[in-house]
Amino acid sequence: MGACVCRMNPDNETMSVSSASASRPASAGIPMGGATRKNRPLCHETIKWRSDVPLTEGQLRSKRDEFWDTAPAFDGRKEIWDALRAATNAAEGLDFQMAQAILDGANVSVPNGYLTECYDELGTQYKVPIYCLSYPINIVKEENGRDSPAEYSEPVDGGTELILKLRISSTMSDIKLPVYSKDTVGQCKKKLQATEGVDACCQRWFYSGKLLGDKVPIDECSIHQGYVVQVIVNTEHYNHDNSTSIVHMSLGS
């Protein structure tokens, strides 16, 4: 039976990690300046945590952007921070294989199996805050279910019509959604809500290991025809329980 560990992170946010689904091979050692530091494979699970100050999704995004924009200025190397950001995005999209490949390529070790504490080959420590790794279980739903009206405003030129293949995590089903190339991801979420009844605020779209931002037009997402866009329906955003509907991202024709 798995155990659950709770602790406070530096930002005074309560986090819990269930070990019931984690499977870790024996840790390997990586030489660092004459010493050997333990290195574990990245855990394939989402850390659940509660923010002391409830945040909206927009506030959380701003907080993340502020961290990644300022972190390289304080300590460590920029290329390592860039690698950590890429690995974080891949892991959040459930592409753990890609995340692990990024860490290995940058010679980054994770002694506890989580990106909250990392080291480069010189032994420099890098700490990624919990709010950059997953959503809090007490995130606040915003008015009208969106961050700002501008995110979903209709474009002047809709572009060409195309069909997106979406995989919905809550139903384990694939659907085809007609959209226009100039539609933003946020507008496409609204269309999916209209056809499938999935609240746009609960949708998070991932493609090729990357989170697709609401303001990004579809024609800038480089989605290849026949490939799947993973739609993770995250119901825990607006419920105070710990249940989340998550499936592994996959690409296919």
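The preceding data block contains the structure.
A brief look at the structure comes next. Worth saying up front: this structure is predicted, and the values here are computed from it rather than measured.

1. Section: the packing of aromatic side chains
Taken as a whole and judged by the stated rule, the model has four aromatic pairs. Measuring from centroid to centroid gives 5.7 Å for Phe67 and Trp81, while their planes differ by 80°, and the two rings are edge-to-face. Of this pair, Phe67 sits in helix 1 (residues 57–70) while Trp81 sits in helix 2 (residues 78–92), and the two are 14 residues apart along the sequence. Judged by centre distance (6.5 Å) and plane angle (75°), the rings of Trp68 and Trp81 are edge-to-face. Here the residue Trp68 occupies a position in helix 1, and Trp81 occupies one in helix 2, the gap between them amounting to 13 residues. You can call Trp81 buried: its relative accessible area is 7%. In this structure, Lys63 is placed above the aromatic ring of Tyr131, and the distance from its NZ or CZ to the ring centre is 4.4 Å.

2. A few points about helix 3 (residues 96–105)
Every buried residue of helix 3 is listed here: Phe96, Ala99, Gln100 and Leu103. Projected down its long axis, helix 3 shows its buried positions confined to an angular sector of 95°, all on one face. Counted as exposed and oriented over 90 degrees from the buried face of helix 3: Gln97 and Gly105. In the core, the buried residues of helix 3 are packed alongside helix 2. A positive backbone phi angle near 55° is found at Asn107, which sits one or two residues after helix 3.

Analysis parameters
Residues numbered from 1 in each chain as written. Predicted model: local features only at pLDDT ≥ 70, side-chain atom pairs only at ≥ 80, totals over all residues. Heavy atoms only, no water. Phe/Tyr/Trp six-rings, centres within 6.5 Å; stacked < 30°, edge-to-face > 60°. Helix = DSSP H or I, 4+ residues; strand = E, 2+ residues; numbered from the N terminus. Buried < 20%, exposed > 50% of the residue type's maximum accessible area, 1.4 Å probe, protein only. Lys NZ or Arg CZ within 6 Å of the ring centre and 35° of its normal. Arc of directions from axis to C-beta. Contact = heavy atoms within 4.5 Å.

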